[in-house]
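# A structural walkthrough
Single-letter residue listing:
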Amino acid sequence: MNRNLPALLAIAVSGCAVATGQTINDPVRIEIYVTPYYNSKGPVIEVGRFSSGLAAKSESEFVATISKMKESWDPLNFPETYVAAIRLYDLGFRKESIYWFYSAQYRGRLFATLIDHEKMGSVGNAGFELFQAQNAFQQLVGPYINGYAFGDIDQLIPIIERVQREGKVVPDLTKIYPRVTFKPKSEWDAGNKGLNEGLTKLVVTLKNEKASIKQQRIERGTEAKFSKLPSKELPKGSGP
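Residues numbered from 1 in each chain as written. Predicted model: local features only at pLDDT ≥ 70, side-chain atom pairs only at ≥ 80, totals over all residues. Heavy atoms only, no water.

### Structural notes on the packing of helix α5 (residues 94–114) against helix α9 (residues 188–208)
As a reminder, the rule being used: Here an axis means a line fitted to C-alpha atoms, over the contact stretch when the element is a helix, while the angle between two N-to-C directions is reported on a 0 to 180 degree scale. A run of H or I in DSSP becomes a helix once it reaches four residues, and a run of E becomes a strand once it reaches two; helices and strands are each numbered from the N terminus. Here is the rule for angles: anything less than 35 degrees is roughly parallel, anything more than 145 is roughly antiparallel, 65 through 115 is roughly perpendicular, and the remaining ranges are oblique. For any helix crossing, the convention is left-handed if the near helix is rotated counterclockwise from the far helix by under a right angle, and right-handed if that rotation is clockwise. Contact criterion: two residues are considered in contact whenever any of their non-hydrogen atoms come within 4.5 Å of each other. The classification used treats Ala, Val, Leu, Ile, Met, Phe, Trp, Tyr, Cys and Pro as nonpolar, Asp, Glu, Lys and Arg as charged, and all other residues, Gly among them, as polar.
The interhelical angle for the contact between α5 and α9, taken along N-to-C directions, is 140 degrees, at an axis separation of 10 Å. On the basis of the axis angle, α5 is oblique to α9. When you trace α5 past α9, the crossing you get is right-handed. Across the interface between the two elements, Tyr102, Tyr106, Arg109, Leu110, Thr113 and Leu114 of α5 pack against Trp188, Gly191, Asn192, Leu195, Asn196, Leu199 and Leu202 of α9. Of the residues that constitute the contact of α5 with α9, the class distribution is 8 nonpolar, 4 polar and 1 charged.

Encoded structure:
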């Protein structure tokens with residue numbers, strides 16, 4: 001297997017490394033917190049207008065919230081998309097969570113690519129806090145959802161390709177993140193192109209290394225940990 005795999009792929013194969021050095025003891029539920037947006041204990045969710053629906057104990061209320069989020073898909077920011085992915089995973093809609101996770105990851109990376117680093121401020125500033133949050137979400141959520149997703153690469157590839165297609169047009173980030181200063185819009189397309197092309201490389205690697213990924217997952221115990229997790233379908237009309 002190519003030892004110079006992207007970090008995303010390396011984490012997905014092992015399914016265990018997280019930012020704090022923790023290991024995933026129970027893959028059924030994503031136990032993390034990213035202040036102030038999400039804390040799995042509760043859960044406590046602070047991502048704006050969809051927060052109460054995402055935290056709902058009632059599955060029907062949660063599913064209705066996911067449906068409303070899809071209706072507002074383009075302007076969703078990355079924290080609320082990540083939190084939706086987490087909750088979908090926790091509530092058993094794991095296949096659906098893959099698409100939301102990769103969409104959130106793309107949005108977070110696009111944010112990190114296009115923010116004006118010289119003007120994002122420090123602790124307490126919106127740009128700085130969001131920049132740190134996208135790193136935290138990616139590193140903490142990735143091992144769970146990738147641990148599950150990489151168990152079926154044939155299912156994963158079209159999801160990544162879909163996210164790539166949808167990411168070709170850059171949204172108006174100044175409206176999605178109004179308190180953040182971004183690079184000049186003349187630089188947005190080039191920044192997004194590099195990010196988008198990275199998914200092409202990931203898909204090629206997945207296709208070429210499928211057998212090796214499977215073997216490494218078996219050797220590291222990831223396959224045994226995640227392969228038996230069930231997934232249920234969202235009610236018709238609720239999903240993307």
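### Focus: the environment of aspartate 74
Heads up, the condition is: Categorising residues by exposure relies on relative accessible area from a 1.4 Å probe, with only protein chains included: less than 20% of the type maximum marks a residue as buried, more than 50% marks it as exposed, and the intermediate range marks it as partly exposed.
Position of aspartate 74 relative to the elements: it lies in the loop between α3 (59–71) and α4 (78–90). For aspartate 74, a relative accessible area of 59% puts it in the exposed group. Contacts of aspartate 74, omitting those with residues within four sequence positions, involve Arg107 and Ile176.

### As for the confidence of the model for the protein
Here is the rule we go by: Note: pLDDT gives the predictor's confidence per residue, expressed from 0 to 100.
Residue-level pLDDT values for the protein average 90, and 89% of them are 70 or greater. Here residues 1–5 is modelled with pLDDT under 50, and outside its nearest four sequence neighbours on either side it reaches 8 contacts, counting other chains as well. For residues 13–22, every residue scores under 50 in pLDDT, and the model assigns this stretch 25 contacts once sequence neighbours within four places are set aside.

### Observations regarding the side chain of glutamine 134
Threshold: For this analysis, a polar contact is any N or O atom pair within 3.5 Å, provided that within protein one partner can donate a hydrogen and the other can accept it, and provided that sequence-adjacent residues contribute only side-chain to side-chain pairs.
Note on placement: glutamine 134 falls in helix α6 (residues 126–149). Of the residues examined, glutamine 134 reaches a relative accessible area of 3% and is grouped as buried. Looking at glutamine 134, its side chain comes within polar contact range of the side chain of asparagine 135, at 3.1 Å. Excluding residues that lie within four positions of it along the chain, glutamine 134 makes contacts with Phe78, Tyr82, Gly108, Arg109 and Ala112.

### Some points on the nonpolar core
Nonpolar side chains in soluble globular proteins tend to end up buried together. Using the following cut-off: Here, nonpolar core refers to any group of buried Ala, Val, Leu, Ile, Met, Phe, Trp, Tyr and Cys residues whose side-chain atoms link them within 4.5 Å.
Counting residues in hydrophobic clusters, the biggest one holds 74 residues, and the most contacted among them are Leu54, Trp100 and Phe137. Secondary structure elements with two or more residues in this core: α3, α4, α5, α6, α7 (153–166), α8 (173–176) and α9. Examining the composition of this core, we find that 12 residues originate from one element, α6, more than from any other. If sequence neighbours within four positions are ignored, leucine 54 has contacts with Ile45, Val47, Phe62, Thr65, Ile66, Met69, Glu80, Val83, Ala84 and Arg87.

### Considering the packing of α3 against α4
Packing of α3 against α4 leaves a shortest axis separation of 12 Å and a crossing angle of 145 degrees. Crossing of α3 over α4 shows left-handed handedness. Across from Phe62, Ile66 and Met69 in α3, the residues of α4 making contact are Glu80, Ala84, Arg87 and Leu88. Of the residues contributing to the contact of α3 with α4, the split by class is 5 nonpolar, no polar and 2 charged.

### As for unusual backbone geometry
In this structure, proline 36 follows threonine 35 across a cis peptide bond, with omega equal to 0 degrees. When you line up the elements, proline 36 lands in the loop between β1 (33–34) and β2 (38–39). At the junction of glycine 42 and proline 43, the peptide bond is cis and its omega measures out at -5 degrees in the coordinates. With respect to the helices and strands, the residue proline 43 is situated in the loop between β2 and β3 (44–45).

### Some remarks on α7
Definition in use: To estimate how far a helix should extend, the number of its residues minus one is multiplied by 1.5 Å.
Over its 14 residues, α7 runs 20 Å from end to end, which matches the ideal 20 Å to within 8%, given 1.5 Å per residue. Here α7 has its buried residues at Ile153, Leu156, Ile157, Ile159, Ile160, Val163 and Gln164. Against the buried residues of α7 lie α5, α6, α9 and α10 (210–220).

### Brief notes about the side chain of glutamate 223
Structurally, the position occupied by glutamate 223 is in helix α11 (residues 222–226). Residue glutamate 223 is classed as buried on the basis of its relative accessible area of 12%. Side chain to side chain, glutamate 223 and lysine 214 meet in a polar contact 2.8 Å long. Those residues within four positions of glutamate 223 in sequence are excluded, and the remaining contacts are Gly151, Lys214, Arg217 and Ile218.

### Quick look at the packing of aromatic side chains
To be explicit about the condition: Each Phe, Tyr or Trp ring, with Trp reduced to its six-membered ring, pairs with another whose centre is within 6.5 Å; inter-plane angles below 30 degrees give stacked pairs, above 60 give edge-to-face pairs, and intermediate values give tilted ones. Whether a charge lies above a ring is judged from NZ of Lys or CZ of Arg, which has to be within 6 Å of the ring centre and within 35 degrees of the ring normal.
Counted according to the given criterion, the structure contains 15 aromatic pairs. Counting every residue linked through ring pairs, the aromatic cluster contains Tyr37, Phe78, Tyr82, Phe101, Tyr102, Phe111, Phe137, Tyr177, Phe182 and Trp188. Residue placement shows arginine 94 over the ring face of tyrosine 89; its charged tip is 4.9 Å from the ring centre. Sitting over the ring of phenylalanine 93, lysine 232 keeps its end group 5.0 Å from the ring centre.

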